[in-house]
Amino acid sequence: KTKRPGEHEELVPPQPSKGHVGNCTHPHNPANASPSCSLCPAGNPAPACRGNTLRMLARQAATRLARVAQHAHVKCAAPSSCMAAAVAALHPTLLPLSARYARARGPSGGSQLVVRSPVAGGQPRGMCAAATDLGEREVMEYDVVIIGAGPAGLSAAIRLKQRAAEQGKEVSVCVLEKGAEVGLHMLSGNVFEPHALDELIPDWQAKGAPLETAAKEDSFFFLTGPTAGTRIPSILLPKSLDNHGNYIISLGALAKWLAEQAEELGVEIYPGFAADEVLYTPEGHVAGVATKDAGMGKDGTPKETFARGMELRARQTLFAEGCRGSCSEEVIAKFNLREGKDMQTYGLGMKEVWEIPEENHKAGLIQHSVGWPLDSQTYGGSFVYHMAPNKVLVGFVVGLDYKNPYISPYQEFQRWKTNPHVAKHLEGGTCISYGARALNEGGLQAIPKLSFPGGTLLGCAAGFVNVPKIKGTHTAMKSGMIAAEQVFLALEEQSAEEWIGSGAELSALAPVEVTGYQTAMEASWVWKELTQVRNVHPSFHWGLYAGLIYSGIALHLTGGAEPWTFRNHSKGDHTTTEPAAKHTDIEYPKADGVLTFDVLTNLARAGVSHADQPSHLKIKPELTDWPANKSVQEFAGPEGRFCPAKVYEWHKDEKGDPLLVINAQNCVHCKTCDIKTPGNYINWTVPEGGGGPAYQGM
């Protein structure tokens, strides 16, 4: 579609996820096909729905009312305006919810909403919040706050509760998730190795974990052209590509199941709340996070639906946002955690889910490939997985350290599907879902220091992906489990009166650094696994053929025992893009609408939806001249090609000069622009919680 330059047209209409009913975009709406959300006061229409916010406030209200009744804290001086009373009175459905939560948690069980001073700066906060004061934020305190309800974060939450139960203690744990539901932002291949799950929940089969398609047949192809390819004999493949004992899964489904296990143990999980700001003590230690304000108009002024973000403070804050998380990157920079480490390097992974006729389906089939359509100097690979009952998962990864600015990873993905070795798996099928996500490829050399005062990095926020093995979920889960063990030990060293569950004041204790996490990780099977393959990905900097030869030697013969370690010399993937003058424009074939699709057609399958709000994709103030003067002039505007969601478009203004249009509403949160824009001029920040993709079956 076309639009006038500067207009931010909704290129893709909002797609409700399967958990939504009627016109309500809030997943907890209990009404049956109601055009409004029954959790909203006065039956507000869906665009004004703050149901999930009210859900959190109801829990706060229950905690407040219970503590006021028991004189555990200062009574509210203005009960008529107190949010505790106001929230409970908003709608009849909230009152029983508050009462149930108060009974279930009791006066010492979970989070506390108490009178506290600000973490750093500002005015003291009381129990009442004036709606007209945008500077006022509600405060909740926990022993541990975890950012991200993915496999790493949820594994950490579960292990914390398990350890607390073993020791007869009560530890309060909160998990924030920016997706409207747990799992909606999850995207991965995924051939899952259950090693960590066996350790975390040994009876996972009896508890109904969604691991239903066992791996049965492995194959690996070297594609040499549009219609050609050679299968590599199994005897030549490394043991790491033997998937016997693994499962083809939906990572989103696994995350939902893990969330259920966590909630049964007493973990509080809040989907639809995006961690937007890291909180620090006056000494500069991490003290928690604040969620993003909701209900801001595009002009930056509050709408009628405005709701202030909340502060969630904690003894320890665990960052499990996934690859290139904004809060994680902030603490990495603040505490200089990459000192002495290689710069992280990334890949862009794109995936489609197809349904095919059952007679063509082979549950458990796994096929990987390298080569065409990428040139020998561009790192990448692909997969085809058959998942029961009749789904085929196809995906394509392009290393973002590629040089040619004319490469479109999305178009390379579409072109790859036309090779007969791939196309035969999709014959007679229908594409039902699409998504994209950046992933870490830097390996062991790029893992930053894992701890800092008040927090730790987990999973893909740190970069525990085994790239040659094409897996990272098992290592992410184990990192979360090890972090939980070490955090619990640190909490145990405090007296019982110092725990949040006992009513202790958080500001009375300085956040500690859990240094044991780094030591324990380096002694784990995760570290051993990554050490063995540390030289594989860097060897591909010599090109595809040299990389394959060296990888064969390293994986078959030396097993990681080489006395040397190759370095990732990149200063960032944005620095590897070469001027357009060194390359020739690539003319990609037009989509046929059957096997291949244009971006916007596929984007509709991602369920992307963002509320009317300011753009979360921000040009850095010091680099405002880069888009028009450097990116388009020197590099031919590569952001218009590398984005897999058509967020960035180049137009001409009334003077004929280049004008960058940012369609932020199309964003699938892949973070590629934060990684690959020339000069690194884009800063990806979180949009309002609940927005973004709504992946199904990913």
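Notes on the structure in this doc start here. (Residues numbered from 1 in each chain as written. Predicted model: local features only at pLDDT ≥ 70, side-chain atom pairs only at ≥ 80, totals over all residues. Heavy atoms only, no water.)

1. So, the overall build of the chain
Piece 1. On a plain count of helices and strands, the chain comes out with 19 helices and 24 strands.
Piece 2. A burial count over the chain gives 59% of its 698 residues as buried.
Piece 3. Counted over contacts in the chain with a minimum sequence separation of 6, partners at least 24 positions apart contribute 76%.
Piece 4. Total accessible area on the chain stands at roughly 27,100 Å², and carbon and sulfur atoms take up 54% of it. (Helix = DSSP H or I, 4+ residues; strand = E, 2+ residues; numbered from the N terminus. Buried < 20%, exposed > 50% of the residue type's maximum accessible area, 1.4 Å probe, protein only. Contact = heavy atoms within 4.5 Å. Areas by Shrake-Rupley, 256 points an atom, 1.4 Å probe, with all protein chains shown as cover.)

2. Looking at helix α4 (residues 151-167)
Piece 1. Over its 17 residues, α4 runs 24 Å from end to end, which matches the ideal 24 Å to within 8%, given 1.5 Å per residue.
Piece 2. Most of α4 sits out of view: 14 of its 17 residues are buried. (Expected span 1.5 Å × (residues − 1).)

3. Comments concerning the packing of aromatic side chains
Piece 1. Under the defined criterion, the tally for this structure stands at 16 aromatic pairs.
Piece 2. A centroid spacing of 6.1 Å and a plane angle of 25 degrees characterise the contact between Phe 413 and Trp 416, whose relative ring orientation is stacked. Taken together, the residues Phe 413 and Trp 416, both in helix α8 (residues 409-416) and three residues apart, mark about one turn of the helix.
Piece 3. For the pair Tyr 550 and Phe 566, a centre-to-centre distance of 5.1 Å together with 55 degrees between the ring planes defines the contact as tilted. (Phe/Tyr/Trp six-rings, centres within 6.5 Å; stacked < 30°, edge-to-face > 60°.)

4. Describing the side chain of Thr 291
Piece 1. Tracing the sequence through the fold places Thr 291 in strand β10 (residues 286-291).
Piece 2. Setting aside anything within four residues of it in sequence, one finds Thr 291 in contact with Leu 176, Phe 273, Ala 274, Ala 275, Asp 276, Gly 309, Met 310 and Leu 312.

5. Let's talk about the sheet that holds strand β3 (residues 191-192)
Piece 1. What the three strands build is an open sheet, ordered β3-β7-β4; its pairing is antiparallel. Only two strands of the sheet have a single neighbouring strand rather than two, namely β3 and β4 (213-214).
Piece 2. One ladder, built from two bridges, connects β4 with strand β7 (residues 247-248); its direction is antiparallel. Residue pairing across strands places Ala 214 opposite Tyr 247, the latter belonging to β7. (Pairing = 2+ DSSP bridges.)

6. Quick word on the packing of α4 against helix α6 (residues 251-264)
Piece 1. Look at α4 against α6: their axes get within 9 Å of each other, and the N-to-C directions meet at 20 degrees. The pairing of α4 with α6 is recorded here as roughly parallel in orientation. Between α4 and α6 lies a crossing of left-handed hand. Counting all contacts with α4, which are made through Pro 151, Leu 154 and Ile 158, the residues of α6 involved are Leu 251, Ala 255, Leu 258, Ala 259, Gln 261 and Ala 262. (Axes fitted to C-alpha atoms, helices over the stretch in contact; angles between N-to-C directions. Parallel < 35°, antiparallel > 145°, perpendicular 65-115°, else oblique. Left-handed = near helix turned anticlockwise from the far one by under 90°.)

7. Topic: the nonpolar core
Buried together is how nonpolar side chains tend to be arranged in soluble globular proteins.
Piece 1. Formed by 82 residues in total, the largest nonpolar core has its most connected members in Ile 146, Phe 319 and Phe 464.
Piece 2. With ten residues, helix α11 (residues 473-492) is the largest single contributor of residues to this core.
Piece 3. Those residues in contact with Phe 464, other than ones at most four positions away along the chain, are Ile 447, Leu 450, Gly 459, Gly 472, Thr 475, Ser 479, Tyr 517, Met 521, Val 526, Trp 527 and Leu 530. (Core = buried A, V, L, I, M, F, W, Y, C linked by side-chain atoms within 4.5 Å.)

8. So, the sheet that holds strand β14 (residues 346-355)
Piece 1. Taken in spatial order, the seven strands line up as β6-β5-β15-β16-β17-β14-β18 in an open sheet, and their pairing is mixed. The two strands at the open ends of the sheet, each matched to only one other strand, are β6 (229-231) and β18 (430-440). Going across the sheet, the axis of each strand differs from the next one's by a mean of 20 degrees, ignoring polarity.

9. Here we look at the environment of Ala 156
Piece 1. Checked against the element boundaries, Ala 156 lands in helix α4.
Piece 2. The exposure class assigned to Ala 156 is buried, which follows from its relative accessible area of 0%.
Piece 3. C-alpha separation for the pair Ala 156 and Ala 483, spaced 327 residues apart in sequence, amounts to 6.7 Å.
Piece 4. Discounting residues that sit within four places of it in the chain, Ala 156 has contacts with Ile 146, Leu 318, Leu 458, Gly 480, Met 481 and Ala 484.

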